[in-house]
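Below, each chain spelled out in residue letters.
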Amino acid sequence: MNALFVICGIGVFSLLAEVFNWKKWVTLISFIGICVAIGVLLLDWRSVSYYYHGMLFFDRFAMAFTGLILVISVFWYWMSVDFFKGVAHRTDKSALVFFVIAGAIMMVSFNNMAVLFLGIEILSISLYVLAGSDKENLFSTEASFKYFLMGSFATGFLLFGITLVYGATGSFNIVSIADVISSSKDLPRFVYIGVLLIMVGLAFKISAVPFHLWAPDVYQGAPTPITALMSTVVKIGAFAAFVKIFSVSFIRFSFSLLLFEQGLMVLTLVIANVTAVFQSNLKRMLAYSSVAQVGYLLLAFSSDNAHSSGTIFYYLTAYALASILAFTVVQIIENAKGSANISHFQGLLKGSPLMAIAMTIAMLSLAGIPPLAGFFGKYLVFTLSVSKGFVGLTAVAVITSLIGVYYYFKPIVVMCQSEGQPISISNSQKALLIILIFLNLLIGIFPDLIRIV
Amino acid sequence: MLTVLLIFLPLLASATVLLVKQPLSKFLAFVVALAELVISIIMAFGFDKTQTAAQFSVHWQWISSLGVNFSVGIDGISMLLVLLTTVLMPGIILSSLNNTTKPPSFYALMLLMQSALIGVFTAMDGFLFYIFWEVALIPVYFICLVWGGENRGRITLKFFIYTLTGSLFMLVALIFLYFHTAGKHSFDIQSLYLAGRGLGESQQVFVFCAFFLAFAIKMPVFPFHTWQPDTYTVAPLQGTMLLSAIMLKMGIYGVIRWLIPVVPVAVNKWGEVAMILAVIGIVYASCIAIVQKDFKRLIAYSSIAHVGLIAAGLFTLNRIGMQGAMIQMLSHGIVVFGMFYIVEIIFERTKTRDLSQLGGIRNVAPLLSSVFIVIMLGSVALPLTSGFIGEFLLINSLVQYQVWIGAVAGLTIILGAVYMLRTFQKVMSGESNPVTALVPDLNYHERLVLYPVVILVLVIGVYPGPLLNISEAAVNNLLSIYSDLSASVK
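These lines cover the structure that appears in this document, whether it is placed above or below.

Calculation notes
Residues numbered from 1 in each chain as written. Chains lettered and ligands numbered in written order. Predicted model: local features only at pLDDT ≥ 70, side-chain atom pairs only at ≥ 80, totals over all residues. Helix = DSSP H or I, 4+ residues; strand = E, 2+ residues; numbered from the N terminus. Rg over C-alpha atoms; globule rule 2.2 N^0.38 Å. Buried ≥ 20, exposed ≤ 12 C-beta atoms within 10 Å, placed from the backbone. Contact = placed C-beta atoms within 7 Å. Axes fitted to C-alpha atoms, helices over the stretch in contact; angles between N-to-C directions. Parallel < 35°, antiparallel > 145°, perpendicular 65-115°, else oblique. Left-handed = near helix turned anticlockwise from the far one by under 90°. Nonpolar A, V, L, I, M, F, W, Y, C, P; charged D, E, K, R; others polar. Pairing = 2+ DSSP bridges. Expected span 1.5 Å × (residues − 1).

### Topic: the overall build of chain B
Then comes step 1: A count of helical and extended segments in chain B gives 20 helices and two strands.
Then comes step 2: Rg of the C-alpha trace for chain B: 22 Å, near the compact-globule value of 23 Å for 490 residues, within the 12% margin.
Then comes step 3: The buried share among the 490 residues of chain B stands at 61%.
Then comes step 4: For chain B, the proportion of contacts with a sequence separation of at least 24, taken over those separated by at least 6, is 80%.

See below:
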């Protein structure tokens with residue numbers, strides 16, 4: 001809880017910095033602030049409690065995901081220092097980023113539908129602006145507008161769904177909703193519609209097929225740091241919200257919802273993986289990949305609604321670490337060569353071996369090759385689904401992950417071929433790459449370290 | 001502890017090699033490989049041949065919540081394959097030493113590969129085995145991708161995805177077995193054996209198919225071999241050596257350790273199909289080898305034929321076949337290593353692998369020619385060479401199993417002689433032409449690699465006893481487990 005205060009505080013500080021002319025301190029204070037937030041969270045680790053009359057609930061689940069969001073934010077901030085270097089709107093951007101993080105934390109710790117909605121809105125509205133923050137770039141503006149239209153549409157669905165559920169159960173509190181649903185014999189029909197609408201609204205946010213169509217354009221058009229933010233912090237928040245609401249409030253419907261979840265899952269796995277094969281821009285490919293990864297998460301969640309959060313936490317950690325690593329390299333390449341087209345990676349191994357190794361590790365992890373973290377994530381997912389008897393669906397996931405190997409290896413193959421010019425990178429970027437490589441290996445080899453939920 | 005040292009010494013060394021500059025790094029890699037050889041020889045002498053259980057074993061907790069342990073050990077079967085790895089690795093590294101273009105990362109990958117290979121051959125835990133199995137794929141993929149020939153991107157990716165397909169099905173089968181272990185689920189090899197025994201017949205067949213797919217792709221057995229000739233041809237010399245001499249033994253070892261004892265009923269029922277596929281592969285690959293124009297591709301196809309015979313012999317499930325397979329794995333590893341090196345030597349000097357352009361090398365390079373003869377005879381299984389012992393035992397077991405299968409498999413000796421002798425004729429004998437007229441003979445460095453190969457081919461051929469003794473107890477134990485298990489379910 002205190003971590004949320006700290007994050008909001010930095011957001012407000014950034015806004016005020018414009019007025020009081022503290023601009024040069026913003027980056028430093030933000031970086032320290034996130035670290036303080038992590039420290040505060042660790043201090044709070046044992047105190048599981050409700051806040052504000054049960055609006056927020058910080059249990060192990062919420063704290064673990066908050067911790068993950070904050071740790072990833074540290075790396076994100078580190079990788080995108082350049083994003084805040086420009087003179088224009090430095091403080092605004094910083095403030096918006098912190099509101100995104102605050103929104104994500106609310107999305108993992110809500111105990112009330114209103115807070116969920118609030119969290120999603122704080123996160124989304126900031127993101128609409130951030131996606132368009134590269135104002136001179138037409139694609140960035142397009143991304144922002146597209147994201148705004150699609151996002152507000154999804155919010156509409158979500159809100160309507162919440163309203164219907166409220167109408168049926170008379171409560172916004174997710175635990176009371178669950179109580180009412182499990183105790184009453186004849187629920188009104190529209191509660192089902194409400195639940196489905198909530199699912200659709202959240203499926204937009206986690207970009208599950210067929211609600212993913214915004215993702216590729218937005219990911220490609222937005223500035224790379226914002227793309228990285230969307231595919232890590234935002235995705236963690238959105239998926240945790242999805243897990244929380246369906247494993248707490250609507251757990252009784254889990255059997256009826258299974259078909260929908262599995263439908264989403266199979267479509268996500270197949271369509272996203274197959275489409276990713278044909279991409280020639282790495283940012284766009286990573287967009288499809290981030291859609292595809294949701295498929296594995298859905299496989300875990302649909303196999304066992306109540307007890308899959310540990311697996312999902314591990315998978316999201318592995319995915320986010322690998323993604324941040326990949327986006328760090330993509331950003332450097334994009335700054336050096338103008339775009340993230342796969343052909344620009346040619347000869348990277350000879351030119352800048354560290355970046356090539358980092359990219360390789362990221363791709364291997366996303367593809368799920370041992371001993372990297374991504375493999376263990378997939379292993380846990382497959383184990384969970386096989387143990388619940390979904391062998392056929394596991395086979396689908398295995399086959400799509402083979403398709404995944406094909407496109408994740410495309411940049412690797414390109415990097416290893418022909419000669420290339422060295423690209424200069426700063427020492428801080430080098431350090432970031434090395435730390436991330438190390439973390440990807442560490443949690444892959446010793447997965448017990450973070451299996452805490 | 002020696003086993004752990006054997007696995008982690010190259011791993012640590014591979015990190016160190018990256019940090020030092022050439023030429024220090026390649027010598028460091030070579031020294032580490034030699035140290036591995038020494039350690040493994042010490043182990044071989046300290047090895048108790050009468051025991052059936054794994055020796056030098058180590059058992060550490062790793063991921064306790066999932067029942068995964070770091071548990072490794074060496075029995076007779078593992079011992080021979082570990083020896084094969086440690087004997088060949090110095091040779092493979094040595095074969096690259098006079099070529100200074102390779103950066104330290106190349107040697108780091110080689111050592112990583114050695115670590116993973118020894119891990120595969122010693123793992124006594126299903127999950128650990130799978131991890132090593134996959135990790136072994138990564139260095140060889142990058143060796144082939146970065147230092148390979150034309151079209152390497154496409155061909156190596158095909159190789160990677162092909163083998164990964166098999167592995168993932170093996171993973172699903174392993175998870176499936178894991179959930180059938182009694183009590184607290186565990187990946188321990190003994191509990192997996194018990195779990196496999198407890199399965200019904202149809203479930204066993206499922207596990208059999210998944211495992212067999214992984215192993216058959218790795219070996220490769222017909223019809224899963226289509227990645228192999230291209231990959232062998234496009235890979236750099238050391239990559240080809242790693243793939244053919246050691247890595248394909250992972251598949252055979254997998255059948256011995258993780259297929260036959262795990263699902264005995266299914267093996268009993270479907271082993272014959274696997275055997276017939278393998279025998280088809282022998283004839284098919286031999287026939288293709290006869291018409292090959294590219295020297296390296298020819299050796300690649302001959303490798304499919306030889307491995308087919310080993311696989312067929314394994315599925316006879318009698319002692320002679322098993323022992324034949326063990327000795328033939330060693331022999332094939334050594335012979336194919338020497339063969340590919342000779343191909344590379346000739347290619348370096350003449351810039352061609354086209355058989356029709358070669359000829360008359362014997363006139364200018366008698367030493368090269370003599371070494372080639374010995375290794376070639378080892379390949380065609382002439383008595384008193386290492387190939388003979390293995391092939392004799394294997395064909396013997398096949399004839400015992402079924403005369404006609406044995407007869408067809410026996411064609412390998414005839415067809416092998418056809419393509420190998422024809423190759424000799426085209427490359428070595430005849431008149432020298434402009435391409436081959438100025439081929440220098442073996443230099444000091446090459447002799448250093450090839451003489452030990454020649455000696456090993458002859459020594460194993462004359463006196464295979466000690467090697468057969470090492471694996472005998474383990475093989476007998478394995479067969480008794482198999483017959484117990486398959487009997488108990490019926």
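### Regarding the overall build of chain A
Then comes step 1: Tallying secondary structure elements over chain A gives 18 helices and two strands in all.
Then comes step 2: Against the compact-globule benchmark of 22 Å for 453 residues, chain A has a radius of gyration of 21 Å, which places it among compact chains.
Then comes step 3: For the C-alpha atoms alone, the extent of chain A along its principal axes is close to 70 × 60 × 40 Å.
Then comes step 4: Counting only residues that meet the buried cut, chain A has 57% of its 453 residues in that class.
Then comes step 5: Of the contacts made within chain A by residues no fewer than 6 positions apart, 79% connect residues no fewer than 24 positions apart.

### A few points about the environment of Leu138 of chain A
Residues and elements named next belong to chain A.
Then comes step 1: Among the secondary structure elements, Leu138 is positioned in helix 6 (residues 138–169).
Then comes step 2: Here Leu138 falls in the exposed class, since 10 other C-beta atoms lie within 10 Å of it.
Then comes step 3: When the C-alpha atoms of Leu138 and Ala3 are compared, they prove to be 37 Å apart, with 135 residues separating the residues in sequence.

### Re the packing of helix 12 (residues 282–303) of chain A against helix 17 (residues 391–415) of chain A
Residue and element names in this part refer to chain A.
Then comes step 1: In the contact formed by helix 12 and helix 17, the axes pass within 11 Å of each other and the chain directions differ by 160°. What the angle tells us is that helix 12 and helix 17 run roughly antiparallel. In this structure, the crossing between helix 12 and helix 17 has a hand that is left-handed. Residue-level contacts link Leu282, Met285, Ala292, Tyr296 and Leu299 of helix 12 to Leu393, Ala397, Gly404, Tyr407 and Pro411 of helix 17.
Then comes step 2: Residues belonging to the contact of helix 12 with helix 17 are distributed by class as follows: nine nonpolar, one polar and no charged.

### Section: the interface of chain B and chain A
Then comes step 1: With 19 residues of chain B in contact, the opposing surface of chain A contributes 20 residues.
Then comes step 2: Secondary structure elements with two or more residues in the side of chain B that touches chain A: helix 5 (126–135), helix 6 (137–147) and helix 7 (152–178) of chain B.
Then comes step 3: Considering only residue class, the side of chain B that touches chain A consists of 15 nonpolar, three polar and one charged.

### Remarks on unusual backbone geometry
Then comes step 1: With an omega dihedral of 5°, the bond running from Pro370 of chain A to Pro371 of chain A counts as a cis peptide bond.
Then comes step 2: Cis rather than trans, the peptide bond between Phe222 of chain B and Pro223 of chain B has omega equal to 0°.
Then comes step 3: Here Pro223 of chain B lies in the loop between helix 9 (201–218) and helix 10 (228–234).
Then comes step 4: Residues other than glycine seldom take positive phi values, yet Phe56 of chain B does so here, at roughly 50°.
Then comes step 5: For Phe56 of chain B, the location among the structural elements is in strand 1 (residues 55–63).
Then comes step 6: The class for Phe56 of chain B is buried, based on 21 C-beta atoms found within 10 Å.
Then comes step 7: Even without being a glycine, Leu384 of chain B presents a positive backbone phi close to 80°.
Then comes step 8: Structurally, the position occupied by Leu384 of chain B is in the loop between helix 16 (366–380) and helix 17 (386–401).
Then comes step 9: Owing to 12 C-beta atoms within 10 Å, Leu384 of chain B belongs among the exposed residues under this scheme.

### Some remarks on the packing of helix 1 (residues 2–20) of chain A against helix 2 (residues 23–43) of chain A
Each pair of packed helices gets described by two things: the angle between the helix axes and the distance between those axes.
Residues and elements named next belong to chain A.
Then comes step 1: Where helix 1 contacts helix 2, the two axes come as close as 8 Å, and the packing angle between them is 175°. One finds that helix 1 runs roughly antiparallel with respect to helix 2. Across the interface between the two elements, Asn2, Ala3, Val6, Ile7, Ile10, Phe13, Ser14 and Ala17 from helix 1 touch Lys23, Trp25, Val26, Ile29, Ser30, Gly33, Val36, Ala37, Val40 and Leu41 from helix 2.

### Some thoughts on the pairing of strand 1 of chain B
Consecutive side chains along a regular strand alternate between the two faces of the sheet.
Then comes step 1: Looking at chain direction, strand 1 of chain B and strand 2 (residues 68–74) of chain B are connected through six bridges and run antiparallel. Its bridge partner being in strand 2 of chain B, Ile63 of chain B is matched across the sheet by Val68 of chain B.

### Comments concerning helix 11 (residues 254–277) of chain A
All names here are of chain A.
Then comes step 1: In a regular helix each residue adds 1.5 Å, so 24 residues correspond to 34 Å; helix 11 covers 33 Å between its end C-alpha atoms and thus fits that length.
Then comes step 2: When helix 11 is considered as a whole, its buried residues turn out to be Glu261, Leu264, Met265, Thr268, Leu269, Ala272, Asn273 and Ala276.
Then comes step 3: Structurally, helix 11 contributes buried residues whose contacts are with helix 8 (190–206), helix 12 and helix 17.

### Details of the pairing of strand 2 of chain B
Then comes step 1: In terms of burial, strand 2 of chain B is a largely internal element, five of the seven residues being buried.
Then comes step 2: Hairpin connection, strand 1 of chain B to strand 2 of chain B: the antiparallel pair is bridged by four residues, and Gly67 of chain B has positive phi, about 70°.

### Brief notes about the environment of Ile445 of chain A
Residues and elements named next belong to chain A.
Then comes step 1: One can find Ile445 in helix 18 (residues 427–445).
Then comes step 2: Classification of Ile445 by C-beta neighbours within 10 Å gives partly exposed; the count is 16.
Then comes step 3: Sequence separation between Ile445 and Phe246 is 199 residues, and the spatial gap between their C-alpha atoms is 31 Å.

### Describing helix 9 (residues 214–221) of chain A
All names here are of chain A.
Then comes step 1: By the criterion of burial, helix 9 is predominantly enclosed, with seven of the eight residues buried.
Then comes step 2: Residues of helix 9 that are buried include every one of Trp214, Ala215, Pro216, Val218, Tyr219, Gln220 and Gly221, and no others.
Then comes step 3: Buried residues along helix 9 sit in contact with helix 5 (113–131), helix 6, helix 10 (224–248) and helix 12.

### Structural notes on the environment of Leu116 of chain A
All names here are of chain A.
Then comes step 1: Turning to its location among the elements, Leu116 is positioned in helix 5.
Then comes step 2: Between the alpha carbons of Leu116 and Phe172 there is a distance of 10.0 Å; along the sequence they are 56 residues apart.
Then comes step 3: In contact with Leu116, other than residues within four places in its own chain, are Met107, Phe110, Ala241 and Ile245.

Read these as layout, nothing more, since geometry by itself doesn't imply function.
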